[in-house]
Amino acid sequence: MQTSEIADKADFDHIRYAQLWEDADVLTQGLGNCAGQTLVSICSAGDNALAMLTLDPEKVVVVDLSPAQIACLRLRMAAFKTLSHPEFLRLMGARPSSDRPELLKKVAQTLDRDTGTFWEGLSDEVALHGAGGVGKFERYFRIFRTRLLPLVHSRKTIDDIFVSRPRSERETFLQTRFNTWRWRLLLNVFFSRFVMGRMGRDKAFFDHVDGSPASHVARRIRHAAVDCDPADNPYLHWIMKGTHGDAFPMTWREEHYATICDRLDRIEIRPGSLEAFVSTGERAHGFNLSDIFEYMSPEVFQNVYGSILSAAAPGARLVYWNMMAPRRVPEKYRDRVTTLGNLEDDLKARDKAFFYSDFVIEEVIG
Ligand SMILES: C[S@@+](CC[C@H](N)C(=O)[O-])C[C@H]1O[C@@H](n2cnc3c(N)ncnc32)[C@H](O)[C@@H]1O
């Protein structure tokens, strides 16, 4: 089996992402028409692989190096089959709840033994934070929200961020109430490389990152608070308040619950690396690549990109994000793909998972 550069560096024993911090609305629109086709998705917490079922593909092959991340997808799949939509939201933590241990037990009983035992071991944490709140990344946001945010903003200010208002008023709100000097100080400390490396991401993940994470986050907060309406933003809501408000990530919305549930048998889980999939000789028509390229050195990125192209059908789209390190089609392969710049711009302007610096859609020339 092919291995992957990052697998040697990072510790994948625990859940890193208990929910998916990438916007499935822009992912699915970026993938375009995929009805009846084979798609490939990085798993992470599994939400976006499930969202890809709304595109009516023949199958979605889901890969991940981390067994804990695969367990997040298996839990969701079992929950879709076992729970009503309101129960699903309570189990995941989108809504406050006192019945999470019972909900978890009900779902865990339908899982394979290893995955069920894994989740039952997390029952106390799930009870407190929801199954979507138990990852290292969510813990990092929780420390931000519970220990530091109260030193900077009152409850009233935080609630007011999520009041829907016209763009000009959002600008005034940001200037006068949100982006205060205390807020800027908080961003500088909390999003320093040192703190992020210790609490959120492995230091290895910064090897290829340019610039200060804090200045990047400040720019992206503007996108989320002014360019977009925070009232529609489930990601910002969770970070600031620890649950969802009226808005949910695509996969968690009621309108998609039955469709996803009906198509769960089209998910094909293959624990292991993306590189292992591309070495099977199968071809896919669309790839959700998360932001995995950012975790690779430019040389490894170029090699992996080339191998994905060899596993891509004509017209296939490669969709991926960059958080801080720039990654786009390597020079060597520029004549093999078309960058869908207009679609990228349109979707970037609407990307609710605001912390990424770039969103890329590249289409394989047929
Ligand atoms: C790249 S991380 C990013 C997570 C993300 N930004 C989010 O919000 O969930 C997503 C997942 O990719 C997996 N991963 C990274 N490199 C991979 C590779 N080469 N093959 C398969 N999975 C990979 C990690 O295990 C992780 O679960």
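Everything numeric in this text was worked out from a predicted model, so none of it was measured. (Residues numbered from 1 in each chain as written. Predicted model: local features only at pLDDT ≥ 70, side-chain atom pairs only at ≥ 80, totals over all residues. Heavy atoms only, no water.)

Visitor: Pulling in residues and values, what's your account of the side chain of histidine 244?
Guide: Along the polypeptide, histidine 244 turns up in the loop between α14 (234-241) and α15 (254-262). Ignoring any residue separated from it by four or fewer positions in sequence, one finds histidine 244 in contact with Gln19, Ala94, Arg95, Pro234, His237, Trp238, Pro249 and Trp252. (Helix = DSSP H or I, 4+ residues; strand = E, 2+ residues; numbered from the N terminus. Contact = heavy atoms within 4.5 Å.)

Visitor: Please set out the packing of aromatic side chains residue by residue, giving values where relevant.
Guide: Inspection of every chain in the model, using the stated rule, returns 27 aromatic pairs. Summarising the aromatic geometry, the rings of tryptophan 21 and phenylalanine 137 are spaced 6.2 Å apart at their centres and angled 70° between planes, so their arrangement reads as edge-to-face. Taken together, the residues span a long stretch of sequence, with tryptophan 21 in the segment before α1 (24-31) and phenylalanine 137 in helix α8 (residues 136-152) at a distance of 116 residues. Per residue, the accessibility class of tryptophan 21 equals that of phenylalanine 137, and both read buried. Residues tryptophan 238 and tryptophan 252 carry aromatic rings whose centres are separated by 6.4 Å and whose planes lie at 80° to one another, so their mutual orientation is edge-to-face. Of this pair, tryptophan 238 sits in helix α14 while tryptophan 252 sits in the loop between α14 and α15, and the two are 14 residues apart along the sequence. Of the residues examined, tryptophan 238 reaches a relative accessible area of 6% and is grouped as buried. (Phe/Tyr/Trp six-rings, centres within 6.5 Å; stacked < 30°, edge-to-face > 60°. Buried < 20%, exposed > 50% of the residue type's maximum accessible area, 1.4 Å probe, protein only.)

Visitor: If you had to explain the sheet that holds strand β2 (residues 59-64) to someone new, which residues and values would you point to?
Guide: With mixed pairing, seven strands are arranged side by side in an open sheet as β3-β2-β1-β4-β5-β7-β6. Edge positions in the open sheet fall to β3 (267-271) and β6 (337-339), since each of these has one partner strand only. Along the sheet, successive strands turn relative to each other by an average axial angle of 20°, direction set aside. Judged from the five bridges that link them, strand β1 (residues 38-42) and β2 form a sheet pairing that is parallel. From the neighbouring strand, isoleucine 42 faces β2, where its bridge partner is valine 63. Against the sheet, α1 makes contact with β4 (284-288), β5 (312-322) and β7 (358-364), and its axis sits at roughly 155° relative to β5, the strand it touches most. In the packing of helix α3 (residues 67-82) onto the sheet, the strands contacted are β2 and β3, and the crossing angle to β3 comes to about 155°. (Pairing = 2+ DSSP bridges. Axes fitted to C-alpha atoms, helices over the stretch in contact; angles between N-to-C directions.)

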